[in-house]
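So the chains spell out like this:
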Protein chains: 4
Amino acid sequence: MRSLDPAVEVVEFTPTPEQYAWTFGGTAPLARVRPGTALKLWSDDAFCGRLRSVTDLPGTALRMPFVNPQTGPFFVEGAEPGDTLVLHVVDLEPARDWGASALIPFFGGLTSTDRTATLQPPLPERTWIYHLDSARGTVGLDLPLESGHVHLDLPLEPMLGTVGVAPAAGEVRSALVPDVFGGNMDTPELRAGTTVYLRVNVEGALFSLGDGHFRQGEGESCGTAVEGAMNSLVLVDLLKTPGPAWPRLESDTHWTVVGSARPLEDAWRAGQVDAVSWIGELTGLDTLDAYQVLSQVSQVPLANAVDVNYSVATKVPKRLVPAGRPAYDGIHDRLRALVR
Amino acid sequence: MRSLDPAVEVVEFTPTPEQYAWTFGGTAPLARVRPGTALKLWSDDAFCGRLRSVTDLPGTALRMPFVNPQTGPFFVEGAEPGDTLVLHVVDLEPARDWGASALIPFFGGLTSTDRTATLQPPLPERTWIYHLDSARGTVGLDLPLESGHVHLDLPLEPMLGTVGVAPAAGEVRSALVPDVFGGNMDTPELRAGTTVYLRVNVEGALFSLGDGHFRQGEGESCGTAVEGAMNSLVLVDLLKTPGPAWPRLESDTHWTVVGSARPLEDAWRAGQVDAVSWIGELTGLDTLDAYQVLSQVSQVPLANAVDVNYSVATKVPKRLVPAGRPAYDGIHDRLRALVR
Amino acid sequence: MRSLDPAVEVVEFTPTPEQYAWTFGGTAPLARVRPGTALKLWSDDAFCGRLRSVTDLPGTALRMPFVNPQTGPFFVEGAEPGDTLVLHVVDLEPARDWGASALIPFFGGLTSTDRTATLQPPLPERTWIYHLDSARGTVGLDLPLESGHVHLDLPLEPMLGTVGVAPAAGEVRSALVPDVFGGNMDTPELRAGTTVYLRVNVEGALFSLGDGHFRQGEGESCGTAVEGAMNSLVLVDLLKTPGPAWPRLESDTHWTVVGSARPLEDAWRAGQVDAVSWIGELTGLDTLDAYQVLSQVSQVPLANAVDVNYSVATKVPKRLVPAGRPAYDGIHDRLRALVR
Amino acid sequence: MRSLDPAVEVVEFTPTPEQYAWTFGGTAPLARVRPGTALKLWSDDAFCGRLRSVTDLPGTALRMPFVNPQTGPFFVEGAEPGDTLVLHVVDLEPARDWGASALIPFFGGLTSTDRTATLQPPLPERTWIYHLDSARGTVGLDLPLESGHVHLDLPLEPMLGTVGVAPAAGEVRSALVPDVFGGNMDTPELRAGTTVYLRVNVEGALFSLGDGHFRQGEGESCGTAVEGAMNSLVLVDLLKTPGPAWPRLESDTHWTVVGSARPLEDAWRAGQVDAVSWIGELTGLDTLDAYQVLSQVSQVPLANAVDVNYSVATKVPKRLVPAGRPAYDGIHDRLRALVR
């Protein structure tokens, strides 16, 4: 795991199953954190480790609604509604040598669901177990063919499916939900090296994270990624400046906004409008010129089309857009500089 | 107000502003209620009575997010997760002699919103005040023309925009949200004479109601109805049989399911699939024949296309569908018989 | 069949199968019609009469894409792009004593489709044959129960699923499509007594009609109504005033706009915005007041959620909205007066 | 421009404005082409070259509906309904030294439109002119700031917005439409080096192409890319094997399917289901295992969220999926080998 400037305090936390958080909001904080601290957090996989072989099927092995456990929440000292919570993901490392994916009845993108409801029976359940090869940096599995089998070796590309704060207006949302407070965005853009900006809704922000994915395709088509327990090293900071309308991400190469809504075009619209605002703030362009720039440069990978809300990332490549000033006072670079 | 069989205990409740509930779930019960009791409940209007003249504009007069206050929640004795909560709306009577409607920036159906986001400026704010004429049974207002004005007299058709129980999975939802737990469905079908069936998610069910509308068009296009304080007389009952997947309504003439989701077709699909199930239960038809019957008889008035989820009612006319047995053991007729 | 003022010329037309029109646009006119003429048109059912017993299943009996045949097109003398074509539906009478409905694989509202695509197998095919009882005014069929059967008797409520003109911009659209040019709107509002207003896109308008339904539920859930051959008596007229953005209907009681789009909320939005314009034109109210009126009075029955575009009707009750002047110069009443 | 194996016949074609095609289907072929031929085609920009300075605004300069002119159609000898038309894009070169982008009233992704209709006024019109710097491989423009201006230099990344065949069922569609026949997909994936597979619907296939973009962001947010006249060098071939359900693309690195529909999730679902089929065909995996593979490897860049249908690309990286046999008999590699 990457190391940090020795001046940074690192606090480790591994929750017991009784401490798992199943919601954003509505859960008492596990600990208080001072801005500037690093957290090293262990999180269980979205299945709570209950799918360990291909014979562990979701219908019998899972205990609904207890899925997608979060590690947290953490009370950030000084955070007040309207502020900007800053989380820099220093590193993500698999905490087990296997990950699992599964088909869950009436869940996922290419099946009818309780909302996109049809009269057809569900697809069959199925579980896949991936083996981590740390040396080669891959996750692999064997799949049967009519004669023989095929071995699949996919690059390990760890990400966090879920990071968020307590919602506004006294709401408590399932950890399966992505929305303005972050949550289960399931975007592969949430990888090590990324800084997340979230608007604070309650005193202390009360952020949690979890849902580690050893890798995930864009869209998370079948509803589950290569779900795996994860060790996350995260720098926590706070800005007393207004937080963004939607979760914003910054990497060395991109400014990104993640919109979450249904239908999918609304997830896109919400993130795009905020990206236009952000380009305007960074460059000084007026709204229509910022809209034009976005139109010619944005990269728009689907995040998920399977959760309670769908999520889409709008990415603006830094090299293409001449920013007059850095985002959020340059905090991404400052946090990045603490990583060895 | 209609009266009840004298054997029925009637409990009155008028909340103080401090007692208003802003969410489904997350609020301590106001009182415990035994099944078989009637509640006479006063509820404030969705604007908390703050829009009293056309010069009271939402942006300055409202205190967001404190809108759509609910009266409740009530703990129903004996109610356990999975049960069916039964609420028969005996009567709805305006509790003030005026109602209000308003255009709120970026809220409503014919404007961009925070989700259906565009770069256009919002529509202007505007407030309308309707005067109740109880004798004639109308709500009226004057509207300006280029020369002179026109007087609008609309039939008083009281309904409840919101009725629901605490959600499942530990969630707490804003009273602006409609979903499987009921909530802000905003369907004109929720009028006096209607029995509501809701699946219980938590011990005691914890139901609330509010958001009285003196009348509302189907769709609630501008986002607000003729919002008015309301006296509601409601019979509360409980069935220890499995509650429905989506809120179900029964009147003397129709069985109705209200689906809530986005996009609007998903709200429709969810309610329709449950209506197919219900027709099957009532008639003994197989799924495909029930689907066929639904296809030729269903009436589908839009409820709202403006809330956090959109809502659609699927109505099945009783006279067209030969039911082999009554819905929910005939409780609608039994409760109806208690009304004088 | 209702009769007309003897001064009205009535032209009858029954197409041979070779004359069936499968598209709007792209087909040579069957005949020229002078405004003021009445047409008595026979149209085959959407299945071309090929489903005659429950053993005629769509997959084998139909010859795709040859479904939903239209009778037409007709060249209206004097009609130029931008004009308003006026069609008053005098009467609709079943032209056979049976109608058919069917489940077609991956077609309909409560199944996945080629667009709302899933990996689930299709629902089974099934055909239902309804028998017309003219004396009682019903269509009926027997449906099997586990023991015995149930007889369903539904009111005959004839309507036209499809009426439209040639599209703009040189397009040719399948008769299965509803859009701004009308087409396969599948709204039960298109019944006898209704006047249809359509914007003319090409010289002669080139309108067709067909897809008779002996009755249909709102939404046409399974994708097919009680499809039946139909005799339609229609008065044809023309106004040299600008045609509407979307198909408009007028009955003695309602002004109605039918929007067609996906997702369903866009079908609704399109029709609602045009209804606001229409209310403004009729009453002199400004846009926001017209929006307010619409919000409190509109009735919004779903038309279909199964076609290439979904369709929603926005109905404005005349008795609730004080119009300063009649729609389209009062032509609905003038045509109505020709009916005996 | 890249050159081809000298054995390949190259036919050049530059249409006169009178020869521009405005639709897919409904237009007589410009020429007949034998499979194995290369076409070198000039196409005008989507604005027909009418926006040449920032003072040329769409509302006055364009002549609706005459936008997005296509070069074609071409009759491919031997092509019959059901076959696979193969188009390998050898090279795309700007045919002018400037490109244009514009805001058109009620058109684009971050404004209300005629379907996503609201009562808000349109955004202002604006035109941007980009200058091509061939040596540096960029397109650039100056944008005003409050004080001074900023210069934007964006990489030239030529692509074709539109390529398609005549639709099925006798339809004729505007060149603004993307659907199963291809058309205005507006995906940056349609660049040089890409092979396009389209199902043939009519004898001769009748394909056209146009809508050159010097570059485009994913989503084409404002509705227009850097629109420019283009020279396209395309190898035309034909396979007498069944054509795909949706347009498929193949590059040296990816198999890609482009789905087009509304809402956006349906565009995604349609392309994803076809990608599952394709993975199954290439690897021999069963449907659910192919679904699992897709879920972990697919890259899903938005194509456009502004056209008549929205388009989404599902990309499957070849290096991650062990294909047992090449796509379409390896024709991509064979055509690629003809390029010098």
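Residues numbered from 1 in each chain as written. Chains lettered and ligands numbered in written order. Predicted model: local features only at pLDDT ≥ 70, side-chain atom pairs only at ≥ 80, totals over all residues. Heavy atoms only, no water.

A separate point is the overall build of chain A. A count of helical and extended segments in chain A gives four helices and 22 strands. The C-alpha atoms of chain A give 20 Å as radius of gyration, which agrees with the globular expectation for 340 residues (20 Å, within 12%). Taking the principal axes of the C-alpha coordinates as reference, chain A spans close to 60 × 45 × 45 Å. The burial tally for chain A puts 67% of its 340 residues in the buried class. (Helix = DSSP H or I, 4+ residues; strand = E, 2+ residues; numbered from the N terminus. Rg over C-alpha atoms; globule rule 2.2 N^0.38 Å. Buried < 20%, exposed > 50% of the residue type's maximum accessible area, 1.4 Å probe, protein only.)

Moving on, we come to the relation of the copies chain D and chain C. By a simple turn and slide, chain D fits onto chain C: the slide is 0.0 Å along the axis, the RMSD is 0.0 Å, and the turn is 180 degrees. Such a turn and shift between the copies fits a two-fold axis. For chain D, the smallest separation between a C-alpha atom and the rotation axis is recorded for Val172(D), amounting to 2.3 Å. (Least-squares fit on C-alpha atoms with pLDDT ≥ 70 in both.)

As a further point, take helix 3 (residues 287-297) of chain A. All names here are of chain A. In terms of burial, helix 3 is a largely internal element, 10 of the 11 residues being buried. When we look at burial in helix 3, the residues that qualify are Leu288, Asp289, Ala290, Tyr291, Gln292, Val293, Leu294, Ser295, Gln296 and Val297. Sitting at the amino-terminal end of helix 3 is Asp286, which places a side-chain oxygen 3.2 Å from the backbone nitrogen of Leu288. (Polar contact = N/O pair within 3.5 Å; in protein donor to acceptor, adjacent residues only side chain to side chain.)

Turning next to the sheet that holds strand 20 (residues 254-261) of chain D. All names here are of chain D. Taking strand neighbours across the sheet as the criterion, the nine strands line up as 1-4-18-6-15-19-20-22-21 in an open arrangement whose pairing is mixed. Looking at strand neighbours, the two that pair on one side only are strand 1 (10-13) and strand 21 (302-304), the edges of this open sheet. The mean angle between the axes of side-by-side strands here comes to 25 degrees, regardless of whether they run parallel or antiparallel. Sheet topology places strand 4 (residues 38-43) next to strand 18 (residues 230-239); six bridges connect them, and they run antiparallel. Bridging across to strand 18, Leu41 finds its partner in Ser232. Its contacts with the sheet place helix 2 (residues 264-283) against strand 15 (195-199), strand 19 (248-250), strand 20, strand 21 and strand 22 (310-317), and it is angled at close to 145 degrees to strand 20. (Pairing = 2+ DSSP bridges. Axes fitted to C-alpha atoms, helices over the stretch in contact; angles between N-to-C directions. Contact = heavy atoms within 4.5 Å.)

This part takes up the interface of chain A and chain D. If you look at the interface, chain A gives 62 residues, while chain D gives 62 residues. Regarding the contact of chain A and chain D, the summed buried area is about 5200 Å², with carbon and sulfur atoms giving 60% of it. Looking at the side of chain A facing chain D, the largest losses of area belong to Leu110(A), Tyr291(A) and Gln296(A), adding up to 14% of the total buried there. Taken together, chain A and chain D are joined by four salt bridges. (Buried area = accessible area lost by both parts, 1.4 Å probe. Salt bridge = Lys/Arg side-chain N within 4 Å of Asp/Glu carboxyl O.)

Another point: the sheet that holds strand 1 (residues 10-13) of chain A. Residues and elements named next belong to chain A. Taken in spatial order, the nine strands line up as 1-4-18-6-15-19-20-22-21 in an open sheet, and their pairing is mixed. Taken across any chain shown, the strands that pair with only one partner, and hence form the sheet edges, are strand 1 and strand 21 (302-304). Direction aside, the axes of adjacent strands within the sheet are offset by 25 degrees on average. When strand 21 meets strand 22 (residues 310-317), the two strands line up antiparallel, connected through two bridges. Residue Asn304 lies in a different strand from strand 22, and its bridge partner there is Ser311.

A separate point is the relation of the copies chain A and chain D. Its rotation angle being 180 degrees, the transformation that places chain A on chain D also includes 0.0 Å of axial translation and leaves an RMSD of 0.0 Å. Same-surface contact between copies: 100% of interface residues of chain A are shared with the interface of chain D.

What follows covers the interface of chain D and chain C. The partner chain C presents 29 residues to the 29 residues of chain D that form the contact. Here chain D packs against chain C, burying approximately 2300 Å² in sum over the two surfaces, 60% of which is carbon and sulfur. Considering only the surface of chain D that becomes buried against chain C, Arg115(D), Leu119(D) and Glu171(D) emerge as the three largest contributors, covering 28% of it. In this assembly, chain D and chain C are joined by four salt bridges. Across the pair Arg115(D) and Asp179(C) runs a salt bridge whose closest N-O atoms are separated by 2.9 Å. Mapped by element, the contributors of at least two residues to the side of chain D that touches chain C are strand 12 (173-174), strand 20, helix 2 and helix 3 (287-297) of chain D. Of the residues forming the side of chain D that touches chain C, the biggest block, five residues, is contributed by helix 2 of chain D. Looking at the side of chain D that touches chain C, its residues break down into 14 nonpolar, seven polar and eight charged. (Nonpolar A, V, L, I, M, F, W, Y, C, P; charged D, E, K, R; others polar.)

Let us look at the domain arrangement of chain A. Residue and element names in this part refer to chain A. The domain boundaries assigned to chain A delineate domain 1 (10-239) and domain 2 (248-322). One C-alpha centre belongs to domain 1, the other to domain 2; they are set 22 Å apart. Taken residue by residue, the interface counts 28 residues in domain 1 and 21 residues in domain 2. Between domain 1 and domain 2 we count one salt bridge in total. Close ionic contact of Lys315 with Glu189 constitutes a salt bridge, the shortest N to O distance being 3.0 Å. The interface formed by domain 1 and domain 2 contains 11 residue pairs in polar contact (both at pLDDT 80 or more). Contributions of two or more residues to the side of domain 1 that touches domain 2 are made by strand 13 (178-179) and strand 15 (195-199). Per-element accounting of the side of domain 1 that touches domain 2 gives the leading share, three residues, to strand 15. Grouping the amino acids of the side of domain 1 that touches domain 2 by side-chain chemistry returns eight nonpolar, 13 polar and seven charged. (Domains from an automatic or database assignment.)

All names here are of chain A. A full pass over the atoms with the stated rule returns zero disulfides over all chains. Considering cysteine sulfurs only, Cys48 is the nearest to Cys222, which forms no disulfide, with 17 Å between them. The exposure class assigned to Cys222 is buried, which follows from its relative accessible area of 1%. (Disulfide = S-S within 2.5 Å.)

Here we take up the environment of Arg248(B). Residue and element names in this part refer to chain B. Structurally, the position occupied by Arg248 is in strand 19 (residues 248-250). Distance from Arg248 to Ala79, taken between C-alpha atoms, is 18 Å for residues 169 residues apart in sequence. Excluding anything up to four places from it in sequence, Arg248 contacts Thr195, Val196, Tyr197, Thr256, Val257, Asp274, Ser277, Trp278, Glu281 and Tyr328. Looking at Arg248, its side chain comes within polar contact range of the side chain of Tyr328, at 3.1 Å.

This part covers the packing of aromatic side chains. Given two aromatic rings, their pairing is described by the distance between the two centres and the angle made by the two planes. All names here are of chain B. Considering all chains together, one arrives at 32 aromatic pairs over all chains under this definition. Considering the side-chain rings of Trp22 and Phe66, the 5.3 Å spacing of their centres and the 75 degrees angle between planes classify their relative orientation as edge-to-face. Of this pair, Trp22 sits in the loop between strand 1 (10-13) and strand 2 (23-24) while Phe66 sits in the loop between helix 1 (58-61) and strand 5 (70-76), and the two are 44 residues apart along the sequence. Classification of Phe66 by relative accessible area gives partly exposed; the value is 44%. (Phe/Tyr/Trp six-rings, centres within 6.5 Å; stacked < 30°, edge-to-face > 60°.)

We now examine the pattern of salt bridges. Two side chains bearing opposite charge may form a pair once their charged atoms approach each other closely. Taken as a whole, this structure holds 96 salt bridges over all chains when the rule is applied. The salt bridge partner of Glu250(A) is Lys318(A), with a shortest N-O separation of 2.8 Å. Note that Glu250(A) is positioned in strand 19 (residues 248-250) and Lys318(A) in the loop between strand 22 and helix 4 (331-336), a separation of 68 residues in sequence. Each member of the pair Glu250(A) and Lys318(A) is classed as buried. When the shortest N-O distance is used, the salt bridge between Glu80(B) and Lys240(B) registers 2.8 Å. Pair noted here: Glu80(B) is in the loop between strand 5 and strand 6 (84-94) and Lys240(B) is in the loop between strand 18 (230-239) and strand 19, with a separation of 160 residues, a long-range link. Ionic contacts of the salt-bridge type, sharing partners, join the residues Asp114(A), Arg115(A), Glu171(A), Arg173(B) and Asp179(B) into one network.

If you want to describe how two helices pack, look at the angle between their axes and the distance between the axes. All names here are of chain D. In contact at an axis separation of 9 Å, helix 2 and helix 3 are set at 115 degrees when each is read in the N-to-C sense. As the angle between them shows, helix 2 and helix 3 are arranged roughly perpendicular. Along this stretch, helix 2 crosses helix 3, giving a crossing that reads as right-handed. Of helix 3, the residues touching helix 2 (which contributes Gln272, Ala275, Val276, Ile279 and Gly280) are Thr287, Ala290, Tyr291 and Leu294. (Parallel < 35°, antiparallel > 145°, perpendicular 65-115°, else oblique. Left-handed = near helix turned anticlockwise from the far one by under 90°.)

Residue and element names in this part refer to chain D. A large share of strand 5 (residues 70-76) lies buried, amounting to seven of its seven residues. One ladder, built from four bridges, connects strand 5 with strand 16 (residues 205-215); its direction is antiparallel. Each bridged residue has a counterpart across the sheet, and for Phe74 the counterpart in strand 16 is Phe207.

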